[in-house]
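Letter by letter, the chains look like this.
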Amino acid sequence: MPKADPISDIPQTIAPAGAGVLVLLAPMPPEQIEAILARLAAAFPTEQLLVATAEAPPTESYPSLRIIQAPATNASWTLTAADFMNAHQLAQQNESRAILMLGPEAGSLTASGLRGLADSVLSSSYDLAIPRYELPARAGLVNSAILYPLTRALFTSRIRFPLAIDLGLSVKMAERMAGAAQRFTALNQGDALLWPVNEAAVSGYSVNEFDVGTRALPHPGDPDLNAILPLVTGSLFADIEAKAAFWQRARQLPPSRNPVPQAASTDVATDIAPMLEAFRLAYTNLQEIWALVLPPNSLLGLKRLSVSEGATFRMPDSLWARVVYDFLLAYRLRTINRGHLLGALIPLYLAWVASHINITTSGTLPEHHIEMVAAAFEADKPYMLSRWRWPDRFNP
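First things first, this report covers the structure right here in the doc.

**Here's the deal with the packing of helix α1 (residues 30-43) against helix α3 (residues 111-122)**
In the contact formed by α1 and α3, the axes pass within 8 Å of each other and the chain directions differ by 70 degrees. One finds that α1 runs roughly perpendicular with respect to α3. Considering only the axes of α1 and α3, their crossing is right-handed. Every residue of α3 that contacts α1 at Arg-39, Leu-40, Ala-42 and Ala-43 is listed here: Ala-111, Leu-114 and Arg-115. Among the residues making up the contact of α1 with α3, the classes are represented as 5 nonpolar, no polar and 2 charged.

Printed below as a string of structure tokens:
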């Protein structure tokens, strides 16, 4: 995979002192850049923004925007270590007071959403501003099943999209993220994923979430679940392992400030038969691997699921939480090759998706079920702590 250009290649284009908001655009097609520039001009009609993009377009139509050249990086569907390094260095060079990082398809965000993200850090109210997207009920399910519940339970954060692809950063938060990114770029891993919510929690920086409405999501270059789930889950597992000293200390989950959306799913019917077939096939073929990772009670629960009929297929939230925790523990202990381990999680995730679709089709609101899943992860955190500290205690 091609790597990001060295940070030292950043052109020394300096804006006037105190450039205000630096907006760093991820690599994207010219038509997307034009759409984002139009949104930014509408969101900041009187302020002069400093916009950094690898492919600077003509700016005659946007006099309030000052365009500078950003370093070329890999096109990606999410923010990467190289993006955070570039954001910090460009902010330093131009004495910016806040940074707005925007991922592909960010032109689909509203002007008010962009303004809210920038203003929250520009006013020094928060160090990290995270968008809360309004997505179709069956979009972003890896986030709903794993990323959100794990982050909420271990880092006591209610941020719904911990791997958001648009962010508002204070200067000190950008510095923190650049420091986290340094170890990856030093190893030519500029395309590695970072976890800003976790970094903010460890550093004690303030975080807030802002409703930004609907957003078009970029598609990964390789949309295969067999590639995406191991990449994202493995990255989060590694970050959790690195920050174990933090999340093992007891902390109170803050009260919710955002009501759970009440809208029911309007998605078209989804055929869950292929998901169940993949799960049942894996139940037959992956018994030896799962037995190395999961305790007997979980294996018994999966056995019962394997004979459940399609319409009645339900994975208990407590079973799913226990499965994810045990895979996280096996990742830490290197019980088996990590690539094989994360691959063995995929059919279990598909079983969860099939169950989630059945539950929401039967009348439960999608966000209500996701909140119940997150609550199950919180309830089972003592199990996670015990296994982490004494990994042999519950071995099958």
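**A word on helix α14 (residues 366-379)**
Count 3.6 residues to each turn of an α-helix, and residues three or four apart come out pointing the same way. Helix length check: α14, at 14 residues, gives a terminal C-alpha distance of 20 Å against a target of 20 Å (1.5 Å per residue), a fit within 8%. Listed in full, the buried residues belonging to α14 are Pro-366, Glu-367, His-369, Ile-370, Glu-371, Val-373, Ala-374, Ala-376 and Phe-377. Where α14 is buried, its residues touch β5 (128-134), α4 (141-155), α12 (317-333), α13 (338-361) and α15 (381-389).

**Quick word on the side chain of Gln-32**
Along the polypeptide, Gln-32 turns up in helix α1. Assessed through its relative accessible area of 14%, Gln-32 is described here as buried. Beyond its immediate stretch of four places on either side in the chain, Gln-32 contacts Pro-104 and Glu-105.

**Quick look at the pairing of strand β4 (residues 96-102)**
Taken across its 7 residues, β4 has 6 buried, putting it largely inside the fold. Sheet analysis places strand β1 (residues 20-25) next to β4, joined by 6 bridges and oriented parallel. Bridged to Val-23 within β4 is Leu-100. With 5 bridges connecting them, β4 and strand β6 (residues 166-170) associate as antiparallel partners. Its bridge partner lying in β6, Leu-100 is registered against Gly-168.

**Comments concerning the packing of aromatic side chains**
In total, this model carries 10 aromatic pairs according to the counting rule given. Residues Phe-279 and Trp-290 carry aromatic rings whose centres are separated by 6.3 Å and whose planes lie at 25 degrees to one another, so their mutual orientation is stacked. With Phe-279 in helix α9 (residues 273-285) and Trp-290 in helix α10 (residues 287-293), this residue pair connects regions lying 11 residues apart in the sequence. The burial state of Phe-279 is the same as that of Trp-290; both residues are buried. In this structure an aromatic cluster arises from ring pairing among Phe-279, Tyr-283, Trp-290 and Phe-313. The ring centre of Tyr-148 lies 5.1 Å from the NZ or CZ of Arg-160, which sits over that ring.

**A few points about α4**
Taking 1.5 Å per residue, 15 residues should reach 21 Å; α4 reaches 20 Å between its end C-alpha atoms and fits that length. Of all the bends found along α4, the most pronounced is centred on Leu-147 and spans about 35 degrees, while Pro-149, a proline, follows it within four residues. With 15 of its 15 residues buried, α4 lies for the most part within the structure. A positive phi of about 45 degrees marks Thr-156, the residue just after α4.

**Focus: the sheet that holds β1**
Pairing within the open sheet is mixed, and its 7 strands lie in the order β3-β2-β1-β4-β6-β5-β7. Only two strands of the sheet have a single partner each, and these edge strands are β3 (65-69) and β7 (207-214). On average, each strand axis in the sheet is tilted by 25 degrees relative to the strand beside it, whichever way the strands run.

**Some points on the nonpolar core**
Within the largest apolar cluster, 67 residues are counted, with the highest numbers of intra-cluster contacts made by Leu-150, Trp-247, Trp-290, Leu-302, Trp-320, Phe-327 and Tyr-349. Top element by residues in this core is α13. It accounts for 13 residues. Leaving out residues up to four positions away in the same chain, Trp-247 has contacts with Leu-154, Phe-155, Ile-240, Lys-381, Met-384, Leu-385 and Trp-388. With 64 residues, the next largest nonpolar core counts Ile-33, Ile-36, Ala-87 and Ala-91 among its residues.

**Thoughts on the packing of α4 against helix α7 (residues 225-242)**
Running from N to C, α4 and α7 point in directions that differ by 5 degrees, and their axes come no closer than 11 Å. Between α4 and α7, the interaxial angle falls into the category roughly parallel. Contact residues: Val-142, Ile-146, Leu-147, Leu-150, Thr-151, Leu-154 and Phe-155 in α4; Leu-225, Leu-229, Val-232, Thr-233, Leu-236, Phe-237 and Ile-240 in α7.

**So, the pattern of salt bridges**
Taken as a whole and judged by the stated rule, the model has 14 salt bridges. The salt bridge partner of Glu-371 is Arg-152, with a shortest N-O separation of 2.6 Å. Remark: Arg-152 occurs in helix α4 and Glu-371 occurs in helix α14; sequence separation between them is 219 residues. Considered together, Glu-371 and Arg-152 belong to a single accessibility category, that of buried residues. Taken together, the shared-partner salt bridges connect Arg-132, Arg-160, Glu-209 and Glu-367 into one network.

**Regarding unusual backbone geometry**
A positive phi angle, near 70 degrees, is found at Glu-105, a position not held by glycine. Its place among the elements puts Glu-105 in the loop between β4 and α3. With phi around 55 degrees, Arg-334 is a residue other than glycine that occupies positive phi space. Along the chain, Arg-334 turns up in the loop between α12 and α13.

**With respect to the pairing of β5**
Among the 7 residues that make up β5, 6 are buried, leaving the element largely enclosed by the rest of the structure. The pairing of β5 with β6 spans 2 bridges and is antiparallel. Looking at β6, one finds that Leu-128 is bridged to Leu-169. Pairing of β5 with β7 involves 7 bridges; the strand directions are parallel.

Rules used throughout
- Residues numbered from 1 in each chain as written.
- Predicted model: local features only at pLDDT ≥ 70, side-chain atom pairs only at ≥ 80, totals over all residues.
- Heavy atoms only, no water.
- Axes fitted to C-alpha atoms, helices over the stretch in contact; angles between N-to-C directions.
- Helix = DSSP H or I, 4+ residues; strand = E, 2+ residues; numbered from the N terminus.
- Parallel < 35°, antiparallel > 145°, perpendicular 65-115°, else oblique.
- Left-handed = near helix turned anticlockwise from the far one by under 90°.
- Contact = heavy atoms within 4.5 Å.
- Nonpolar A, V, L, I, M, F, W, Y, C, P; charged D, E, K, R; others polar.
- Expected span 1.5 Å × (residues − 1).
- Buried < 20%, exposed > 50% of the residue type's maximum accessible area, 1.4 Å probe, protein only.
- Pairing = 2+ DSSP bridges.
- Phe/Tyr/Trp six-rings, centres within 6.5 Å; stacked < 30°, edge-to-face > 60°.
- Lys NZ or Arg CZ within 6 Å of the ring centre and 35° of its normal.
- Bend = angle between axes of the 7 residues up to and from the residue.
- Core = buried A, V, L, I, M, F, W, Y, C linked by side-chain atoms within 4.5 Å.
- Salt bridge = Lys/Arg side-chain N within 4 Å of Asp/Glu carboxyl O.

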